[in-house]
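# A look at the structure
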Amino acid sequence: MTDVWTRIEETIDELSHVTDIKSCAVVRRDGLVVTHTLPDGVDPKIVAAMTAAIVGTSEMATIQLAQGRFVRAIVESDHGKLLSLGAGEEALLVALVYDDANLGLVLMALERAAKQVERILQDAGNG
Amino acid sequence: MPATEDGANRLLNFFLYGMIRASESLGNPALFMRSVIEAGLRRFLFTNLPGFAGAPEDPTKACEAFTKASDESGLIDGRDTVFRGDGESVSAEIGDHCPYRRMCTVRHDEGRPVFCVRASMLAEMLRVRLEADFDPKLNRFGRPCQITLTRSRWKGS
């Protein structure tokens, strides 16, 4: 059977081919990198830790403000957007997209990939 | 310096308890504590543990060697810590002399999750020294505490 890491890497590879997505990564909720397509010059360890912090703090903010379930965090900047969302109980998915990206299409692809990662991890846990 | 060993231990536990509570309020204690331990360990391994220069490849032996070196350097009393395991997992029992027991007892009595610094430290040590990815878990808080480090399923084979 193909191992968990290879299956997650395939998912990320597929996602990175979506138009408007510059690069993406799957990280653990404790801030460790699982796999990524980040460009040279970007430290994946720092991106993983920052993503975990952004999602953790955002989740806590939604709880404290009684806003229901956390869905995703979007960080907008001059040259692009950083989108982070949960991929099951153990992982997070993060993508860097162009500033003029079609967010609807990108979010659909991200949510599909997040569900796929969650399923892979569930299969591994049950296997 | 605190005047007594007990004072130093209370100070340590005071800071740890505060750090864990603060990180919980910000939403990701696992990330925060792992980062604290990793940063500390990288500095600490290179400067304070000359006896641990060459870690054994076997994870159980590496945990034993790390605990022995920490004991010899006066950081912990490792005599009440027993390891067993194989290449895939390491189990340990940690007795009364753990320096973090006071903080864990407070967390336990408050009904909050107990965060085992020793288990996380061993997992980070394996990651730093052997580049091996192990997930730490506190199976039971008690006398002794029981922890397990299991090789992570995240890494490619």
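Residues numbered from 1 in each chain as written. Chains lettered and ligands numbered in written order. Predicted model: local features only at pLDDT ≥ 70, side-chain atom pairs only at ≥ 80, totals over all residues.

Take the overall build of chain A next. Secondary structure summary: chain A contains 3 helices and 5 strands in total. In chain A, the succession of helices and strands from N to C terminus is α-β-β-α-β-β-β-α. Taken against the 2.2 N^0.38 rule, which gives 14 Å for 127 residues, the C-alpha radius of gyration of chain A at 14 Å falls within 12% of a compact globule. For chain A, the spread of C-alpha atoms along the three principal axes comes to 40 × 35 × 25 Å. When burial is assessed residue by residue, chain A has 34% of its 127 residues classed as buried. Of the contacts made within chain A by residues no fewer than 6 positions apart, 49% connect residues no fewer than 24 positions apart. (Helix = DSSP H or I, 4+ residues; strand = E, 2+ residues; numbered from the N terminus. Rg over C-alpha atoms; globule rule 2.2 N^0.38 Å. Buried ≥ 20, exposed ≤ 12 C-beta atoms within 10 Å, placed from the backbone. Contact = placed C-beta atoms within 7 Å.)

Residue and element names in this part refer to chain A. Here we have 5 strands laid out as an open sheet, ordered β2-β1-β5-β4-β3, and antiparallel in their pairing. Each edge of the open sheet is held by one strand with a lone partner, namely β2 (33-36) and β3 (73-77). For this sheet, the mean angle separating the axes of adjacent strands, direction not counted, is 15°. Here strand β1 (residues 21-28) pairs with β2 via 3 bridges, running antiparallel. The residue bridging Val-27 from the neighbouring strand is Val-33, located in β2. Helix-sheet contacts for helix α1 (residues 4-16) involve β1 and β2, and the interaxial angle to β1 is about 155°. The strands touched by helix α2 (residues 44-64) are β1, β2, β3, β4 (80-87) and β5 (91-98); relative to β1, the strand with the most contacts, the crossing angle is about 75°. (Pairing = 2+ DSSP bridges. Axes fitted to C-alpha atoms, helices over the stretch in contact; angles between N-to-C directions.)

Now for the interface of chain B and chain A. Contacts between chain B and chain A engage 12 residues on the former and 17 residues on the latter. Ranked by residues supplied to the side of chain B that touches chain A, first place goes to helix α2 (residues 29-47) of chain B with 4 residues. Each residue belonging to the side of chain B that touches chain A can be placed in one class, and the counts come to 4 nonpolar, 5 polar and 3 charged. (Nonpolar A, V, L, I, M, F, W, Y, C, P; charged D, E, K, R; others polar.)

Time to look at the pairing of strand β2 (residues 89-94) of chain B. All names here are of chain B. On β2, burial follows the alternation: Val-90, Ala-92 and Ile-94 on one face are buried, whereas Ser-89, Ser-91 and Glu-93 on the facing-out side are not. Pairing between strand β1 (residues 81-85) and β2: 5 bridges, direction antiparallel. Note on β2: the bridge partner recorded for Gly-85 is Val-90. Taken together, β1 and the strand that follows it, β2, pair antiparallel across an intervening segment of 3 residues. In this structure, β2 lies alongside strand β4 (residues 145-151), joined through 6 bridges in antiparallel fashion.

Turning next to the nonpolar core. The biggest cluster of nonpolar side chains holds 65 residues, and the ones touching the most others in it are Val-26, Leu-93, Val-94, Ala-95 and Val-117 of chain A together with Leu-122 of chain B. In contact with Val-26 of chain A, not counting residues within four places along its chain, are Ile-8, Ile-12, Val-34, Thr-35, Ala-87, Ala-91, Leu-93 and Val-117 of chain A. (Core = buried A, V, L, I, M, F, W, Y, C linked by C-beta atoms within 7 Å.)

Following Arg-143 of chain B, the chain continues into Pro-144 of chain B via a peptide bond in cis, with omega recorded as 5°. Mapping Pro-144 of chain B onto the fold places it in the loop between β3 (134-140) and β4. Of note, the phi angle at Asp-20 of chain A is positive, near 85°, even though the residue is not glycine. With respect to the secondary-structure elements, Asp-20 of chain A resides in the loop between α1 and β1. Judged by the 17 C-beta atoms lying within 10 Å of it, Asp-20 of chain A falls in the partly exposed class. In this structure, Glu-131 of chain B is a non-glycine residue whose phi angle is positive, near 55°. On the basis of neighbour counts, which here come to 8 C-beta atoms within 10 Å, the residue Glu-131 of chain B falls in the exposed class.

None of the figures reported here should be taken as evidence of function without further support.
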